[in-house]
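Now for the letters of each chain:
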Amino acid sequence: MKQFVLIFFTLLVVGCNSKKETKVEITPVTNFYKQSEMAALMLLMYEKNAENKKLILAGKSPKTFPEEFLKIHTAKLTDSTDRNQDFKTFSNYYINSMQQVFNSPQDSLINKHNTAINSCIACHETTCVGPIPRIKKLLIQ
Ligand code: HEC
């Protein structure tokens, strides 16, 4: 009998809405879990904001607004119905808040950074609650 090599892997999908809470998927090796463009962008935004936090805590200013962030308006979502009017409003609010982090005097950086992170959280409260505890770690206390 032919042996099938099945690779079992556990995906801890950071639950976006309750129907997609932490789940375990068993997938043959040919069918890798495909990360959406939006999920990849989010992870990049996470990294950049973690860098910003470090810079600000070290008394430095984040220099250039990462233009990739603008892809929030176009990146493919896992669930395309998420891109409704609210999503667009939250995206604009987020981009505006984020741009101010790159455009502010030193003494208001902590404030601007936290406002930007809170704009991440505001959108997540309506679309994707799973990552909120992680996002909160980006706040500067
Ligand atoms: C306009 C709404 C919105 C904003 C603003 C937003 N997010 Fe998201 N985020 C989402 C949605 C929707 C998903 C799910 C994406 C998907 O699965 O396609 C997501 C997914 C994520 C994920 C999980 C990615 C994964 O699958 O591993 C992280 C982490 C995340 N966002 C962090 C952030 C951070 C950090 C910010 C701010 C710098 C931010 N988000 C701003 C809506 C938003």
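### Regarding the overall build of the protein
Scanning the protein from N- to C-terminus turns up four helices and zero strands. Going from the N terminus to the C terminus, the protein shows its helices and strands as α-α-α-α. If you sum the accessible surface of the protein, you get close to 9400 Å²; carbon and sulfur atoms cover 57% of it.

### Description of the site of the ligand
In the vicinity of the ligand there are 27 residues, among which Met42, Thr78, Cys120, Cys123 and His124 approach most closely. Here Thr78 contributes a side-chain N or O atom positioned 2.6 Å from an oxygen atom of the ligand. Put simply, the parts of the chain that give the shell around the ligand at least two residues each are α1 (37–57), α2 (85–101), α3 (109–127) and α4 (132–136).

### Considerations on α3
With 19 residues, α3 extends 27 Å between its outermost C-alpha atoms, agreeing within 8% with the 27 Å of an ideal straight helix rising 1.5 Å per residue. Residues of α3 that are buried: Leu109, His113, Asn114, Ala116, Ile117, Ser119, Cys120, Ile121, Cys123, His124 and Thr127. Looking at the buried residues of α3, the elements they touch are α1, α2 and α4.

### Thoughts on the coordination of the iron atom of the ligand
Surrounding the iron atom of the ligand are the protein donor atoms Met42 (SD) and His124 (NE2), which sit 2.0 to 2.3 Å from the metal. Angles of 85 to 179° at the metal separate the six donor atoms of the iron atom of the ligand, which places the site in the octahedral class. Taken together, the residues span a long stretch of sequence, with Met42 in helix α1 and His124 in helix α3 at a distance of 82 residues. Met42 gets classed as partly exposed once you look at its relative accessible area, which sits at 26%.

### Considerations on the environment of Thr126
Within the secondary structure, Thr126 is located in helix α3. For the pair Thr126 and Phe90, spaced 36 residues apart in sequence, the C-alpha separation works out to 9.5 Å. One polar contact links the side chain of Thr126 to the main-chain carbonyl oxygen of Cys123, over a distance of 2.8 Å.

### Side note on the confidence of the model for the protein
Chain-level statistics for the protein give a pLDDT mean of 84 and a share of 77% at 70 or above. Every residue in residues 1–13 scores below 50 in pLDDT, and together they form 17 contacts with partners more than four places removed in sequence or on other chains. Under a pLDDT of 50 for its full length, residues 27–31 has, in the predicted model, four contacts with residues more than four places off or in other chains.

Calculation rules
- Residues numbered from 1 in each chain as written.
- Predicted model: local features only at pLDDT ≥ 70, side-chain atom pairs only at ≥ 80, totals over all residues.
- Heavy atoms only, no water.
- Helix = DSSP H or I, 4+ residues; strand = E, 2+ residues; numbered from the N terminus.
- Areas by Shrake-Rupley, 256 points an atom, 1.4 Å probe, with all protein chains shown as cover.
- Near = heavy atom within 4 Å.
- Polar contact = N/O pair within 3.5 Å; in protein donor to acceptor, adjacent residues only side chain to side chain.
- Expected span 1.5 Å × (residues − 1).
- Buried < 20%, exposed > 50% of the residue type's maximum accessible area, 1.4 Å probe, protein only.
- Contact = heavy atoms within 4.5 Å.
- Donors = N, O, S within 2.8 Å, 3.2 Å for Na, K, Ca; no water.
- Tetrahedral: all angles 85-135°; square planar, octahedral: opposite > 155°, others 65-115°.
- pLDDT = per-residue confidence, 0-100.

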